[in-house]
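Spelled out from the first residue to the last, the chains are:
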There are 2 protein chains.
Amino acid sequence: MNGSDSTPTAPGSGAPRRSDATRGAILAAARERFATDGYERATIRAIAKDANIDPSMVMRYYRNKEGLFAAAVAIDLRLPDVSGADRRQDAGRILVEHFLDMWENNEVLTALLRVGVTNQAGAERMQGILRDQLLPVARQVCPDLEQVPARAALMASQLLGLALTRYVLRMPPAVGLARAEIVAWLAPTVQRYLTAPSP
Amino acid sequence: MNGSDSTPTAPGSGAPRRSDATRGAILAAARERFATDGYERATIRAIAKDANIDPSMVMRYYRNKEGLFAAAVAIDLRLPDVSGADRRQDAGRILVEHFLDMWENNEVLTALLRVGVTNQAGAERMQGILRDQLLPVARQVCPDLEQVPARAALMASQLLGLALTRYVLRMPPAVGLARAEIVAWLAPTVQRYLTAPSP
DNA sequence: GGTGTTTGCCAACATCTGTTGACATCCCTC
DNA sequence: GAGGGATGTCAACAGATGTTGGCAAACACC
(Lines give C-alpha, C1' and ligand atoms only; values in the text may rest on other atoms or scores of the structure.)
Protein backbone atom coordinates (compact mmCIF):
# COMPACT_ATOMS: atom_id res chain seq x y z
CA MET A 1 0.00 0.00 0.00
CA ASN A 2 1.91 2.95 -1.27
CA GLY A 3 -0.88 5.41 -0.67
CA SER A 4 -0.71 8.86 -2.19
CA ASP A 5 2.80 10.19 -1.97
CA SER A 6 2.47 13.94 -1.53
CA THR A 7 2.71 15.40 -5.03
CA PRO A 8 2.58 12.74 -7.70
CA THR A 9 4.25 14.56 -10.56
CA ALA A 10 6.85 16.91 -9.14
CA PRO A 11 7.77 15.46 -5.77
CA GLY A 12 8.48 18.04 -3.14
CA SER A 13 7.67 21.08 -5.23
CA GLY A 14 4.66 23.04 -6.41
CA ALA A 15 1.48 23.90 -4.62
CA PRO A 16 -1.12 21.18 -4.01
CA ARG A 17 -3.59 21.07 -6.86
CA ARG A 18 -7.26 20.38 -6.76
CA SER A 19 -6.70 17.38 -9.03
CA ASP A 20 -4.23 15.66 -6.75
CA ALA A 21 -6.79 13.06 -5.74
CA THR A 22 -7.41 12.14 -9.36
CA ARG A 23 -3.73 12.09 -10.18
CA GLY A 24 -3.13 9.80 -7.25
CA ALA A 25 -5.97 7.49 -8.22
CA ILE A 26 -4.56 7.25 -11.73
CA LEU A 27 -1.09 6.41 -10.46
CA ALA A 28 -2.40 3.79 -8.05
CA ALA A 29 -4.48 2.13 -10.75
CA ALA A 30 -1.59 2.31 -13.20
CA ARG A 31 0.78 0.65 -10.75
CA GLU A 32 -1.64 -2.18 -10.20
CA ARG A 33 -2.34 -2.73 -13.88
CA PHE A 34 1.31 -2.55 -14.89
CA ALA A 35 2.14 -5.02 -12.13
CA THR A 36 -0.45 -7.59 -13.12
CA ASP A 37 -0.67 -7.11 -16.89
CA GLY A 38 2.65 -5.73 -18.08
CA TYR A 39 3.06 -2.71 -20.30
CA GLU A 40 1.17 -3.67 -23.43
CA ARG A 41 -1.87 -5.22 -21.83
CA ALA A 42 -2.25 -2.49 -19.24
CA THR A 43 -4.43 -0.25 -21.39
CA ILE A 44 -5.08 3.35 -20.58
CA ARG A 45 -8.79 2.68 -20.79
CA ALA A 46 -8.58 -0.05 -18.16
CA ILE A 47 -6.47 2.11 -15.87
CA ALA A 48 -8.90 5.00 -16.25
CA LYS A 49 -11.81 2.72 -15.47
CA ASP A 50 -10.10 1.49 -12.31
CA ALA A 51 -9.50 5.07 -11.28
CA ASN A 52 -13.10 5.98 -12.13
CA ILE A 53 -12.19 8.75 -14.50
CA ASP A 54 -12.11 9.37 -18.22
CA PRO A 55 -9.18 8.08 -20.30
CA SER A 56 -8.52 11.56 -21.57
CA MET A 57 -7.58 12.69 -18.07
CA VAL A 58 -4.65 10.32 -18.15
CA MET A 59 -3.37 12.02 -21.25
CA ARG A 60 -3.91 15.47 -19.83
CA TYR A 61 -1.93 14.77 -16.68
CA TYR A 62 0.76 12.45 -18.02
CA ARG A 63 1.01 13.33 -21.72
CA ASN A 64 1.03 9.75 -22.98
CA LYS A 65 1.39 6.16 -21.90
CA GLU A 66 5.14 6.36 -21.53
CA GLY A 67 4.80 9.40 -19.32
CA LEU A 68 2.27 7.59 -17.18
CA PHE A 69 4.59 4.64 -16.76
CA ALA A 70 7.50 6.90 -15.90
CA ALA A 71 5.41 8.64 -13.26
CA ALA A 72 3.86 5.47 -11.87
CA VAL A 73 7.04 3.47 -11.49
CA ALA A 74 9.60 5.40 -9.51
CA ILE A 75 11.65 3.10 -7.37
CA ASP A 76 13.81 3.79 -4.40
CA LEU A 77 15.05 0.54 -2.94
CA ARG A 78 16.13 2.31 0.26
CA LEU A 79 18.96 -0.12 0.57
CA PRO A 80 20.45 -0.13 4.05
CA ASP A 81 23.98 0.93 4.79
CA VAL A 82 26.28 -2.04 5.17
CA SER A 83 29.61 -0.25 5.33
CA GLY A 84 30.17 -0.77 9.05
CA ALA A 85 32.78 -3.34 9.92
CA ASP A 86 30.27 -5.43 11.88
CA ARG A 87 27.52 -5.16 9.29
CA ARG A 88 29.82 -5.90 6.40
CA GLN A 89 30.09 -9.56 7.30
CA ASP A 90 26.30 -9.67 7.63
CA ALA A 91 25.60 -7.86 4.38
CA GLY A 92 24.15 -10.93 2.66
CA ARG A 93 21.51 -11.54 5.28
CA ILE A 94 20.67 -7.87 5.68
CA LEU A 95 20.23 -7.35 1.97
CA VAL A 96 18.16 -10.48 1.37
CA GLU A 97 15.84 -9.61 4.23
CA HIS A 98 15.50 -6.08 2.99
CA PHE A 99 14.77 -7.29 -0.51
CA LEU A 100 12.03 -9.60 0.69
CA ASP A 101 10.44 -6.82 2.70
CA MET A 102 10.46 -4.62 -0.35
CA TRP A 103 8.91 -7.14 -2.70
CA GLU A 104 6.31 -8.46 -0.31
CA ASN A 105 4.51 -5.14 0.01
CA ASN A 106 5.38 -3.06 -2.98
CA GLU A 107 3.67 -3.89 -6.22
CA VAL A 108 5.75 -1.33 -8.07
CA LEU A 109 8.69 -3.70 -8.08
CA THR A 110 6.65 -6.41 -9.75
CA ALA A 111 5.36 -3.85 -12.22
CA LEU A 112 8.85 -2.76 -13.17
CA LEU A 113 10.08 -6.32 -13.57
CA ARG A 114 7.12 -7.23 -15.77
CA VAL A 115 7.54 -4.15 -17.91
CA GLY A 116 11.32 -4.31 -18.04
CA VAL A 117 11.13 -7.65 -19.78
CA THR A 118 9.06 -6.48 -22.74
CA ASN A 119 9.68 -2.74 -22.86
CA GLN A 120 12.93 -1.01 -23.68
CA ALA A 121 12.25 1.94 -21.41
CA GLY A 122 11.51 -0.46 -18.57
CA ALA A 123 14.73 -2.35 -19.15
CA GLU A 124 16.72 0.85 -19.09
CA ARG A 125 15.04 1.86 -15.88
CA MET A 126 16.16 -1.39 -14.30
CA GLN A 127 19.68 -0.88 -15.55
CA GLY A 128 19.59 2.51 -13.87
CA ILE A 129 18.55 0.98 -10.56
CA LEU A 130 21.38 -1.51 -10.72
CA ARG A 131 23.83 1.26 -11.50
CA ASP A 132 22.58 3.87 -9.05
CA GLN A 133 21.39 1.80 -6.11
CA LEU A 134 22.78 -1.73 -6.15
CA LEU A 135 26.25 -0.87 -7.30
CA PRO A 136 26.96 1.59 -4.46
CA VAL A 137 26.07 -1.10 -1.95
CA ALA A 138 28.52 -3.49 -3.56
CA ARG A 139 31.11 -0.77 -3.40
CA GLN A 140 30.65 -0.53 0.35
CA VAL A 141 31.63 -4.11 1.01
CA CYS A 142 33.62 -5.31 -1.97
CA PRO A 143 37.37 -5.42 -1.45
CA ASP A 144 38.49 -4.85 -5.06
CA LEU A 145 36.87 -1.79 -6.61
CA GLU A 146 37.41 -3.09 -10.10
CA GLN A 147 35.21 -6.09 -9.38
CA VAL A 148 32.31 -4.07 -8.05
CA PRO A 149 30.16 -4.12 -11.22
CA ALA A 150 30.54 -7.86 -11.66
CA ARG A 151 29.69 -8.57 -8.05
CA ALA A 152 26.69 -6.27 -8.12
CA ALA A 153 25.48 -8.04 -11.24
CA LEU A 154 25.84 -11.41 -9.56
CA MET A 155 23.88 -10.20 -6.57
CA ALA A 156 21.22 -8.80 -8.88
CA SER A 157 20.97 -12.08 -10.76
CA GLN A 158 20.19 -14.01 -7.59
CA LEU A 159 17.79 -11.49 -6.09
CA LEU A 160 15.93 -10.80 -9.32
CA GLY A 161 15.84 -14.51 -10.05
CA LEU A 162 14.08 -15.13 -6.79
CA ALA A 163 11.62 -12.31 -7.48
CA LEU A 164 11.02 -13.69 -10.94
CA THR A 165 10.26 -17.25 -9.90
CA ARG A 166 8.36 -16.31 -6.76
CA TYR A 167 6.43 -13.12 -7.50
CA VAL A 168 6.07 -13.06 -11.28
CA LEU A 169 6.08 -16.62 -12.58
CA ARG A 170 4.72 -17.86 -9.26
CA MET A 171 6.35 -21.23 -9.57
CA PRO A 172 4.73 -23.31 -6.84
CA PRO A 173 7.94 -24.52 -5.14
CA ALA A 174 9.28 -20.97 -5.11
CA VAL A 175 6.05 -19.59 -3.71
CA GLY A 176 6.07 -22.32 -1.08
CA LEU A 177 9.41 -21.30 0.37
CA ALA A 178 9.18 -19.76 3.81
CA ARG A 179 10.77 -16.40 4.35
CA ALA A 180 13.28 -17.86 6.81
CA GLU A 181 14.23 -20.55 4.32
CA ILE A 182 14.92 -18.00 1.62
CA VAL A 183 17.08 -15.93 3.90
CA ALA A 184 18.99 -18.98 5.11
CA TRP A 185 19.72 -20.14 1.56
CA LEU A 186 20.28 -16.86 -0.24
CA ALA A 187 22.14 -14.85 2.38
CA PRO A 188 25.35 -16.89 2.06
CA THR A 189 25.12 -16.67 -1.72
CA VAL A 190 24.85 -12.89 -1.74
CA GLN A 191 27.49 -12.61 0.95
CA ARG A 192 29.85 -14.68 -1.15
CA TYR A 193 29.15 -12.71 -4.33
CA LEU A 194 29.95 -9.50 -2.48
CA THR A 195 32.92 -10.34 -0.28
CA ALA A 196 34.48 -13.69 -1.15
CA PRO A 197 37.81 -13.59 -2.96
CA SER A 198 37.48 -13.90 -6.70
CA PRO A 199 37.31 -17.63 -7.46
CA MET B 1 20.10 -22.22 -35.13
CA ASN B 2 17.32 -24.65 -34.56
CA GLY B 3 16.68 -25.20 -38.24
CA SER B 4 13.54 -26.99 -39.35
CA ASP B 5 12.79 -29.84 -37.03
CA SER B 6 11.27 -32.59 -39.12
CA THR B 7 7.52 -32.14 -38.82
CA PRO B 8 6.60 -28.91 -37.11
CA THR B 9 3.12 -29.72 -35.88
CA ALA B 10 2.98 -33.41 -35.05
CA PRO B 11 6.56 -34.42 -34.30
CA GLY B 12 7.49 -37.85 -35.51
CA SER B 13 4.20 -38.68 -37.17
CA GLY B 14 2.39 -38.01 -40.43
CA ALA B 15 3.67 -37.86 -43.96
CA PRO B 16 5.72 -34.86 -45.05
CA ARG B 17 3.50 -32.16 -46.48
CA ARG B 18 4.15 -29.83 -49.34
CA SER B 19 3.74 -26.90 -46.97
CA ASP B 20 6.43 -27.99 -44.55
CA ALA B 21 8.78 -25.30 -45.76
CA THR B 22 6.20 -22.60 -45.08
CA ARG B 23 5.33 -24.08 -41.73
CA GLY B 24 8.97 -24.08 -40.79
CA ALA B 25 9.48 -20.53 -41.93
CA ILE B 26 6.54 -19.42 -39.83
CA LEU B 27 7.87 -21.17 -36.75
CA ALA B 28 11.35 -19.73 -37.20
CA ALA B 29 10.00 -16.22 -37.62
CA ALA B 30 7.67 -16.67 -34.68
CA ARG B 31 10.49 -17.82 -32.42
CA GLU B 32 12.56 -14.79 -33.31
CA ARG B 33 9.71 -12.34 -32.84
CA PHE B 34 8.56 -13.83 -29.57
CA ALA B 35 12.14 -13.77 -28.33
CA THR B 36 12.77 -10.14 -29.16
CA ASP B 37 9.30 -8.60 -28.72
CA GLY B 38 7.40 -10.75 -26.25
CA TYR B 39 3.92 -12.10 -26.79
CA GLU B 40 1.83 -8.98 -27.27
CA ARG B 41 4.18 -7.05 -29.51
CA ALA B 42 5.00 -10.03 -31.68
CA THR B 43 2.14 -9.53 -34.13
CA ILE B 44 1.00 -12.19 -36.52
CA ARG B 45 1.37 -9.73 -39.35
CA ALA B 46 5.00 -9.09 -38.49
CA ILE B 47 5.73 -12.79 -38.18
CA ALA B 48 4.07 -13.47 -41.52
CA LYS B 49 6.06 -10.71 -43.14
CA ASP B 50 9.30 -12.16 -41.80
CA ALA B 51 8.31 -15.55 -43.18
CA ASN B 52 7.30 -13.99 -46.50
CA ILE B 53 3.79 -15.34 -46.48
CA ASP B 54 0.29 -14.09 -45.85
CA PRO B 55 -0.97 -13.66 -42.27
CA SER B 56 -3.90 -15.93 -43.01
CA MET B 57 -1.53 -18.84 -43.51
CA VAL B 58 -0.52 -18.59 -39.90
CA MET B 59 -4.12 -19.03 -38.86
CA ARG B 60 -4.65 -21.93 -41.24
CA TYR B 61 -1.71 -23.88 -39.93
CA TYR B 62 -1.79 -22.95 -36.23
CA ARG B 63 -5.44 -21.99 -35.58
CA ASN B 64 -4.67 -18.82 -33.65
CA LYS B 65 -1.90 -16.90 -31.93
CA GLU B 66 -1.89 -19.12 -28.88
CA GLY B 67 -1.54 -22.19 -31.06
CA LEU B 68 1.35 -20.59 -32.88
CA PHE B 69 3.10 -19.84 -29.63
CA ALA B 70 2.54 -23.34 -28.36
CA ALA B 71 3.99 -24.79 -31.54
CA ALA B 72 6.90 -22.36 -31.72
CA VAL B 73 8.09 -22.71 -28.17
CA ALA B 74 8.69 -26.32 -27.29
CA ILE B 75 11.61 -26.68 -24.96
CA ASP B 76 13.72 -29.67 -24.09
CA LEU B 77 16.57 -28.57 -21.84
CA ARG B 78 18.37 -31.88 -22.47
CA LEU B 79 19.73 -31.70 -18.96
CA PRO B 80 22.66 -34.04 -18.47
CA ASP B 81 22.59 -36.95 -16.08
CA VAL B 82 24.32 -36.13 -12.81
CA SER B 83 23.40 -39.21 -10.83
CA GLY B 84 26.85 -40.83 -10.94
CA ALA B 85 28.78 -40.66 -7.69
CA ASP B 86 31.62 -38.74 -9.32
CA ARG B 87 29.37 -36.37 -11.25
CA ARG B 88 27.18 -35.67 -8.27
CA GLN B 89 29.81 -33.54 -6.58
CA ASP B 90 30.31 -31.69 -9.86
CA ALA B 91 26.63 -31.18 -10.56
CA GLY B 92 26.78 -27.43 -10.02
CA ARG B 93 29.47 -26.83 -12.59
CA ILE B 94 27.99 -29.26 -15.09
CA LEU B 95 24.54 -27.71 -14.88
CA VAL B 96 25.72 -24.11 -15.08
CA GLU B 97 27.85 -24.87 -18.12
CA HIS B 98 25.01 -26.71 -19.76
CA PHE B 99 22.63 -23.83 -19.05
CA LEU B 100 24.98 -21.31 -20.60
CA ASP B 101 25.37 -23.46 -23.70
CA MET B 102 21.63 -23.68 -24.02
CA TRP B 103 20.96 -19.97 -23.65
CA GLU B 104 23.81 -18.79 -25.83
CA ASN B 105 22.49 -20.45 -28.95
CA ASN B 106 18.82 -21.02 -28.48
CA GLU B 107 16.54 -18.06 -28.85
CA VAL B 108 13.55 -20.15 -27.82
CA LEU B 109 14.60 -19.90 -24.20
CA THR B 110 14.65 -16.13 -24.34
CA ALA B 111 11.29 -16.19 -26.06
CA LEU B 112 9.75 -18.33 -23.36
CA LEU B 113 11.16 -16.18 -20.58
CA ARG B 114 9.87 -13.00 -22.21
CA VAL B 115 6.45 -14.46 -22.78
CA GLY B 116 6.23 -16.21 -19.43
CA VAL B 117 6.45 -12.88 -17.66
CA THR B 118 3.41 -11.32 -19.32
CA ASN B 119 1.38 -14.29 -20.48
CA GLN B 120 -0.37 -16.82 -18.29
CA ALA B 121 0.11 -19.68 -20.75
CA GLY B 122 3.81 -18.87 -20.92
CA ALA B 123 4.11 -18.85 -17.15
CA GLU B 124 2.44 -22.24 -16.92
CA ARG B 125 4.77 -23.58 -19.56
CA MET B 126 7.73 -22.52 -17.46
CA GLN B 127 6.23 -24.10 -14.38
CA GLY B 128 5.95 -27.29 -16.38
CA ILE B 129 9.61 -27.17 -17.32
CA LEU B 130 10.64 -26.73 -13.71
CA ARG B 131 8.43 -29.62 -12.71
CA ASP B 132 9.27 -32.03 -15.52
CA GLN B 133 12.89 -31.26 -16.25
CA LEU B 134 14.59 -29.38 -13.43
CA LEU B 135 13.00 -31.25 -10.57
CA PRO B 136 14.17 -34.70 -11.73
CA VAL B 137 17.73 -33.43 -11.82
CA ALA B 138 17.45 -32.20 -8.29
CA ARG B 139 16.09 -35.58 -7.31
CA GLN B 140 19.20 -37.24 -8.68
CA VAL B 141 21.55 -35.42 -6.34
CA CYS B 142 19.51 -34.22 -3.41
CA PRO B 143 19.84 -36.25 -0.24
CA ASP B 144 16.40 -35.60 1.26
CA LEU B 145 13.56 -36.28 -1.18
CA GLU B 146 11.20 -34.01 0.66
CA GLN B 147 13.46 -31.04 -0.01
CA VAL B 148 13.70 -31.65 -3.74
CA PRO B 149 11.11 -29.06 -4.84
CA ALA B 150 12.60 -26.32 -2.69
CA ARG B 151 16.12 -27.04 -3.92
CA ALA B 152 15.03 -27.15 -7.53
CA ALA B 153 13.30 -23.81 -7.07
CA LEU B 154 16.45 -22.31 -5.59
CA MET B 155 18.49 -23.57 -8.51
CA ALA B 156 15.92 -22.18 -10.93
CA SER B 157 15.98 -18.81 -9.21
CA GLN B 158 19.72 -18.44 -9.70
CA LEU B 159 19.83 -19.76 -13.25
CA LEU B 160 16.80 -17.83 -14.45
CA GLY B 161 18.06 -14.74 -12.66
CA LEU B 162 21.26 -14.90 -14.63
CA ALA B 163 19.36 -15.38 -17.87
CA LEU B 164 17.10 -12.48 -16.99
CA THR B 165 19.84 -9.99 -16.23
CA ARG B 166 22.15 -11.13 -19.00
CA TYR B 167 19.98 -12.15 -21.95
CA VAL B 168 16.72 -10.28 -21.44
CA LEU B 169 17.40 -7.08 -19.51
CA ARG B 170 20.96 -7.01 -20.85
CA MET B 171 22.33 -5.23 -17.84
CA PRO B 172 25.82 -4.14 -18.89
CA PRO B 173 27.75 -5.69 -15.98
CA ALA B 174 25.90 -8.97 -16.45
CA VAL B 175 26.55 -8.97 -20.17
CA GLY B 176 30.20 -8.22 -19.50
CA LEU B 177 30.78 -11.30 -17.42
CA ALA B 178 32.97 -13.88 -19.09
CA ARG B 179 31.65 -17.39 -19.39
CA ALA B 180 34.38 -18.73 -17.11
CA GLU B 181 33.57 -16.12 -14.49
CA ILE B 182 29.92 -17.08 -14.47
CA VAL B 183 30.73 -20.73 -14.08
CA ALA B 184 33.21 -20.04 -11.31
CA TRP B 185 30.75 -17.94 -9.34
CA LEU B 186 27.50 -19.79 -9.98
CA ALA B 187 28.63 -23.39 -9.88
CA PRO B 188 29.25 -23.39 -6.12
CA THR B 189 25.90 -21.71 -5.56
CA VAL B 190 23.98 -24.31 -7.52
CA GLN B 191 26.01 -27.09 -5.98
CA ARG B 192 25.15 -25.83 -2.52
CA TYR B 193 21.46 -25.45 -3.32
CA LEU B 194 21.38 -29.04 -4.51
CA THR B 195 23.54 -30.95 -2.09
CA ALA B 196 24.44 -28.90 1.00
CA PRO B 197 22.68 -29.84 4.22
CA SER B 198 19.61 -27.74 4.89
CA PRO B 199 20.88 -24.59 6.63
C1' DG C 1 -6.98 -34.93 -69.04
C1' DG C 2 -10.30 -34.28 -65.51
C1' DT C 3 -11.08 -34.13 -60.42
C1' DG C 4 -10.42 -33.06 -55.83
C1' DT C 5 -7.32 -31.44 -52.45
C1' DT C 6 -3.72 -28.49 -50.92
C1' DT C 7 -1.44 -24.05 -50.84
C1' DG C 8 -1.43 -19.28 -51.22
C1' DC C 9 -3.13 -14.44 -51.69
C1' DC C 10 -6.52 -10.78 -51.23
C1' DA C 11 -9.93 -8.11 -49.08
C1' DA C 12 -12.59 -7.42 -45.38
C1' DC C 13 -14.63 -7.75 -40.57
C1' DA C 14 -15.10 -6.27 -35.83
C1' DT C 15 -12.63 -4.74 -32.13
C1' DC C 16 -9.32 -2.46 -29.51
C1' DT C 17 -5.52 0.82 -29.13
C1' DG C 18 -3.44 5.56 -27.97
C1' DT C 19 -4.67 10.01 -28.63
C1' DT C 20 -7.17 14.47 -29.66
C1' DG C 21 -10.44 18.23 -29.54
C1' DA C 22 -14.77 20.38 -28.34
C1' DC C 23 -17.82 21.32 -24.87
C1' DA C 24 -19.85 21.52 -20.04
C1' DT C 25 -18.93 22.37 -15.12
C1' DC C 26 -16.70 23.58 -11.01
C1' DC C 27 -13.96 26.66 -8.05
C1' DC C 28 -11.24 30.55 -6.90
C1' DT C 29 -10.35 35.57 -7.47
C1' DC C 30 -11.51 40.20 -8.17
C1' DG D 1 -21.53 38.18 -9.30
C1' DA D 2 -18.59 38.25 -13.42
C1' DG D 3 -14.24 36.30 -15.46
C1' DG D 4 -10.91 32.85 -16.07
C1' DG D 5 -8.47 28.90 -15.39
C1' DA D 6 -8.62 24.25 -13.81
C1' DT D 7 -11.21 19.88 -13.98
C1' DG D 8 -14.05 16.54 -16.03
C1' DT D 9 -17.09 14.23 -19.83
C1' DC D 10 -18.32 12.90 -24.53
C1' DA D 11 -17.48 11.65 -29.01
C1' DA D 12 -14.56 10.72 -32.41
C1' DC D 13 -10.17 9.89 -35.06
C1' DA D 14 -6.64 6.97 -37.34
C1' DG D 15 -4.16 3.05 -37.07
C1' DA D 16 -3.20 -1.64 -35.67
C1' DT D 17 -4.70 -6.30 -34.29
C1' DG D 18 -6.56 -11.11 -34.48
C1' DT D 19 -9.35 -13.50 -37.37
C1' DT D 20 -12.44 -15.06 -41.34
C1' DG D 21 -14.08 -16.32 -45.93
C1' DG D 22 -13.70 -16.36 -50.86
C1' DC D 23 -11.15 -17.25 -54.85
C1' DA D 24 -7.10 -18.38 -58.05
C1' DA D 25 -3.23 -21.26 -58.93
C1' DA D 26 -0.39 -25.52 -58.11
C1' DC D 27 -0.30 -30.09 -57.27
C1' DA D 28 -1.43 -35.24 -56.80
C1' DC D 29 -4.00 -38.98 -58.41
C1' DC D 30 -7.15 -41.69 -61.23
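Residues numbered from 1 in each chain as written. Chains lettered and ligands numbered in written order. Predicted model: local features only at pLDDT ≥ 70, side-chain atom pairs only at ≥ 80, totals over all residues. Heavy atoms only, no water.

1. Brief notes about the overall build of chain A
And step 1. Within chain A one finds 11 helices and zero strands.
And step 2. Ordered by position in the sequence, the α and β elements of chain A form the string α-α-α-α-α-α-α-α-α-α-α.
And step 3. Scored against the burial criterion, the 199 residues of chain A give a buried share of 53%.
And step 4. Accessible surface, chain A: about 9,200 Å² in total, of which carbon and sulfur atoms supply 50%.
And step 5. Seen as two clouds, the 24 positive and the 21 negative side-chain charges of chain A have centres 5 Å apart. (Helix = DSSP H or I, 4+ residues; strand = E, 2+ residues; numbered from the N terminus. Buried < 20%, exposed > 50% of the residue type's maximum accessible area, 1.4 Å probe, protein only. Areas by Shrake-Rupley, 256 points an atom, 1.4 Å probe, with all protein chains shown as cover. Lys, Arg positive; Asp, Glu negative; His and termini not counted. Charge placed at Lys NZ, Arg CZ, Asp CG, Glu CD.)

2. Here's the deal with the environment of Asn119 of chain B
All names here are of chain B.
And step 1. If you trace the backbone, Asn119 turns up in the loop between α7 (107–118) and α8 (120–141).
And step 2. For Asn119, a relative accessible area of 11% corresponds to the buried category.
And step 3. Residues Asn119 and Leu162, 43 residues apart in the sequence, show an inter-C-alpha distance of 21 Å.

3. Observations concerning the interface of chain B and chain A
And step 1. The interface of chain B with chain A comprises 45 residues on the first partner and 46 residues on the second.
And step 2. For the pair chain B and chain A, the summed buried surface comes to about 3,900 Å²; carbon and sulfur atoms form 72% of the total.
And step 3. When residues of chain B are sorted by the area they lose upon contact with chain A, Val117, Leu169 and Trp185 of chain B head the list and together hold 19% of the total.
And step 4. Run the count over chain B and chain A and you get zero salt bridges.
And step 5. Inspection of the chain B/chain A interface yields 18 residue pairs in polar contact (both at pLDDT 80 or more).
And step 6. Counting only elements with at least two residues in the side of chain B that touches chain A, the list comes to α1 (20–41), α7, α8, α9 (148–168), α10 (172–176) and α11 (179–195) of chain B.
And step 7. Across the side of chain B that touches chain A, the residue classes break down as 28 nonpolar, 10 polar and seven charged. (Contact = heavy atoms within 4.5 Å. Buried area = accessible area lost by both parts, 1.4 Å probe. Salt bridge = Lys/Arg side-chain N within 4 Å of Asp/Glu carboxyl O. Polar contact = N/O pair within 3.5 Å; in protein donor to acceptor, adjacent residues only side chain to side chain. Nonpolar A, V, L, I, M, F, W, Y, C, P; charged D, E, K, R; others polar.)

4. What to know about the relation of the copies chain B and chain A
And step 1. By a simple turn and slide, chain B fits onto chain A: the slide is 0.0 Å along the axis, the RMSD is 0.0 Å, and the turn is 180°. Overall, the copies show the geometry of a two-fold rotation axis. In terms of C-alpha distance to the rotation axis, chain B has Gly161 of chain B as its closest residue, with the C-alpha 1.7 Å off the axis.
And step 2. Mapped onto chain A, 100% of the interface residues of chain B again fall at the interface, so both copies present the same surface. (Least-squares fit on C-alpha atoms with pLDDT ≥ 70 in both.)

5. Notes on helix α8 (residues 120–141) of chain A
Residue and element names in this part refer to chain A.
And step 1. In this model, α8 (22 residues) spans 31 Å end to end at C-alpha, consistent with the 32 Å of a helix rising 1.5 Å per residue.
And step 2. Three or more residues of α8 are buried, namely Gly122, Ala123, Met126, Gly128, Ile129, Leu130, Gln133, Leu134, Leu135, Val137, Ala138 and Val141.
And step 3. The N-terminus of α8 is capped by Asn119, whose side-chain oxygen sits 3.0 Å from the backbone nitrogen of Ala121. (Expected span 1.5 Å × (residues − 1).)

6. Points about the pattern of salt bridges
A side chain with one charge may pair with a side chain of the opposite charge, provided their charged atoms come close.
Residues and elements named next belong to chain B.
And step 1. A complete count under the given rule lists 16 salt bridges over all chains for this structure.
And step 2. Note that Arg93 and Glu97 form a salt bridge whose closest N and O atoms lie 3.1 Å from each other. Here Glu97 and Arg93 lie together in helix α6 (residues 91–104), a separation of four residues that amounts to about one turn.
And step 3. On the accessibility criterion, Arg93 (34% relative accessible area) is partly exposed.
And step 4. When its relative accessible area of 25% is taken as the criterion, Glu97 is described as partly exposed.
And step 5. Salt-bridge contacts for Asp132 lead to Arg131; the nearest nitrogen and oxygen are separated by 3.3 Å.
And step 6. Overall, the relative accessible area of 49% leaves Asp132 in the partly exposed class.

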